[in-house]
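Observations on the model geometry
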Amino acid sequence: GEITAGRCVQVLIGLNAASGNAQLTSPNNQNTLVVEVTSELGVADDSGSLALDFVTDDSVNVSATVDAQISFTISDTAIGFGPLAVANVRYATADATGSDTDSAAAHTMAVATNAATGYAVTYNGPTLTSGANTIDVAAITNDADGTAGAEQFAMGFSTSGDATITAAYDHNAVAGSRDWAFVASTTTSIASEIAPTATETISAFYLANIAATTQPGTYQTDITYIATGTF
């Protein structure tokens, strides 16, 4: 029927139309194509036209790059047990004076990466050593304080996020279920992620016991931690 003046008419062309079976194609021999529309075939009661300009390449390619990133920081690099005693366990503290409880971490490590399959944190270092004398390393399971009167040096870790702490080092929130371990002079994994992660904090705890026969001296060790993004 007749469409009154002032109305908006939408014209669907090509495959956009209900019965359309082909699309208009760009002409090969000209840059501009004029499309004319009339109100009735053969009768110029009302008409209009629009011009379409065609260029050889009408798409714009947009590119960007995201660099591989990983960050790793350690809150304190000089911790200590203070004086060790045969009668009771000692835990390392950030102020190097030591404590009889492990209520606070000796230091923390912060890791963040955009690596597709996360990261791994490893350590390597000797046991506590004074000249030719050493304190034995230990593997302690489900025990908060190890064995008083026996030489033991070990570590445990907890996480603020969902990283996997290696089973032998799992420092759970429940004090009685602490796991401690140390492997001397061997690169050993203590935590890992399997996906990109924002900053995640790993808390480190250190335990030491000595025997009545442990030789006197100033004992120390340098433990190197490495965070590796698994890109």
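Here the structure is a predicted model, which means the values were calculated and not measured.

**Focus on the overall build of the chain**
- Counting its secondary structure elements, the chain contains 0 helices and 15 strands.
- Against the compact-globule benchmark of 17 Å for 231 residues, the chain has a radius of gyration of 36 Å, which places it well outside the compact range.
- By principal-axis analysis of the C-alpha atoms, the chain measures approximately 115 × 35 × 30 Å.
- For the chain, buried positions account for 31% of its 231 residues.
- Once local pairs closer than 6 in sequence are excluded, the contacts in the chain between residues at least 24 apart make up 70%.
- Just so you have it, the chain exposes about 14,000 Å², and 52% of that area is on carbon and sulfur atoms.

**Comments concerning the packing of aromatic side chains**
- Following the criterion strictly, the structure yields 8 aromatic pairs and no others.
- Consider the rings of Phe 81 and Phe 153, whose centres lie 6.2 Å apart with planes at 80°: the pair is edge-to-face. Here Phe 81, found in the loop between β3 (70-74) and β4 (90-91), pairs with Phe 153, found in strand β10 (residues 152-159); they are 72 residues apart in sequence, far enough to count as distant. Summarising the burial analysis for this pair, Phe 81 and Phe 153 share the class buried.
- Ring centres of Phe 157 and Tyr 225 lie 6.3 Å apart, and the angle between their planes is 80°; this geometry places the pair in the edge-to-face category. One end of the pair, Phe 157, is in strand β10; the other, Tyr 225, is in strand β15 (residues 224-229), and 68 residues separate them in sequence.
- Judged by its relative accessible area of 10%, Tyr 225 is buried.
- By the ring-pair criterion, three or more aromatic residues cluster together here, those being Phe 81, Tyr 123, Phe 153, Phe 157, Tyr 169, Phe 182 and Tyr 225.

**Re the pairing of strand β6 (residues 119-124)**
- One ladder, built from 6 bridges, connects β6 with β15; its direction is antiparallel. The residue of β15 that forms the bridge with Tyr 123 is Tyr 225.
- Two strands pair when backbone bridges link them, and β6 and strand β13 (residues 188-192) are joined in this way by 4 bridges, in the antiparallel orientation. Bridge pairing in β13 places Ala 120 opposite Ser 192.

**Some remarks on the pattern of salt bridges**
- Taken as a whole and judged by the stated rule, the model has 2 salt bridges.
- Across the pair Asp 100 and Arg 90 runs a salt bridge, and its minimum N-O distance is 2.8 Å. Of the two residues, Asp 100 sits in the loop between β4 and β5 (107-113) while Arg 90 sits in strand β4, which places them 10 residues apart along the sequence.
- For Asp 100, a relative accessible area of 47% puts it in the partly exposed group.
- Owing to a relative accessible area of 12%, Arg 90 belongs among the buried residues under this scheme.

**A look at the nonpolar core**
- Ranked by size, the top nonpolar core spans 28 residues in total, and within it Val 121, Phe 157 and Tyr 206 carry the most contacts.
- Elements with a contribution of two residues or more to this core: β5, β6, β10, β13, β14 (197-209) and β15.
- Here the element with the most residues in this core is β14; it accounts for 4 residues.
- Grouped together as the second largest cluster of nonpolar side chains are 8 residues, Val 89, Ile 140, Trp 180 and Leu 207 included.

**Things to note about the sheet that holds β13**
- Read from one edge to the other, the open sheet built from 4 strands follows the order β11-β13-β6-β15, with strand pairing classed as antiparallel. Among the strands making up the open sheet, the edge pair consists of β11 (164-165) and β15.

**Things to note about a nonpolar patch on the surface**
- A contiguous nonpolar patch, built from Ile 3, Val 9, Val 11, Ile 13, Leu 24 and Val 37 and spanning about 530 Å² of accessible area, is present on the exposed surface.
- Within the secondary structure, Leu 24 sits in the segment before β1 (32-40).
- The class of Leu 24 is exposed, set by a relative accessible area of 55%.

**What about the environment of Asp 102?**
- The topology assignment puts Asp 102 in the loop between β4 and β5.
- Owing to a relative accessible area of 10%, Asp 102 belongs among the buried residues under this scheme.
- As for Asp 102 and Ala 195, which are separated by 93 residues in sequence, their C-alpha atoms are 30 Å apart.
- If near-sequence neighbours (up to four positions away) are discounted, Asp 102 is found in contact with Tyr 91, His 171, Arg 178, Trp 180 and Phe 205.
- Of note is the side chain of Asp 102, whose polar atom sits 3.0 Å from the side chain of His 171.
- Separated by 3.1 Å, the side chains of Asp 102 and Arg 178 make a polar contact.

Cut-offs used in this document
Residues numbered from 1 in each chain as written. Predicted model: local features only at pLDDT ≥ 70, side-chain atom pairs only at ≥ 80, totals over all residues. Heavy atoms only, no water. Helix = DSSP H or I, 4+ residues; strand = E, 2+ residues; numbered from the N terminus. Rg over C-alpha atoms; globule rule 2.2 N^0.38 Å. Buried < 20%, exposed > 50% of the residue type's maximum accessible area, 1.4 Å probe, protein only. Contact = heavy atoms within 4.5 Å. Areas by Shrake-Rupley, 256 points an atom, 1.4 Å probe, with all protein chains shown as cover. Phe/Tyr/Trp six-rings, centres within 6.5 Å; stacked < 30°, edge-to-face > 60°. Pairing = 2+ DSSP bridges. Salt bridge = Lys/Arg side-chain N within 4 Å of Asp/Glu carboxyl O. Core = buried A, V, L, I, M, F, W, Y, C linked by side-chain atoms within 4.5 Å. Patch = residues over 30% accessible without salt bridge, like charges linked within 9 Å, V, L, I, M, F, W, Y side chains within 5 Å. Polar contact = N/O pair within 3.5 Å; in protein donor to acceptor, adjacent residues only side chain to side chain.

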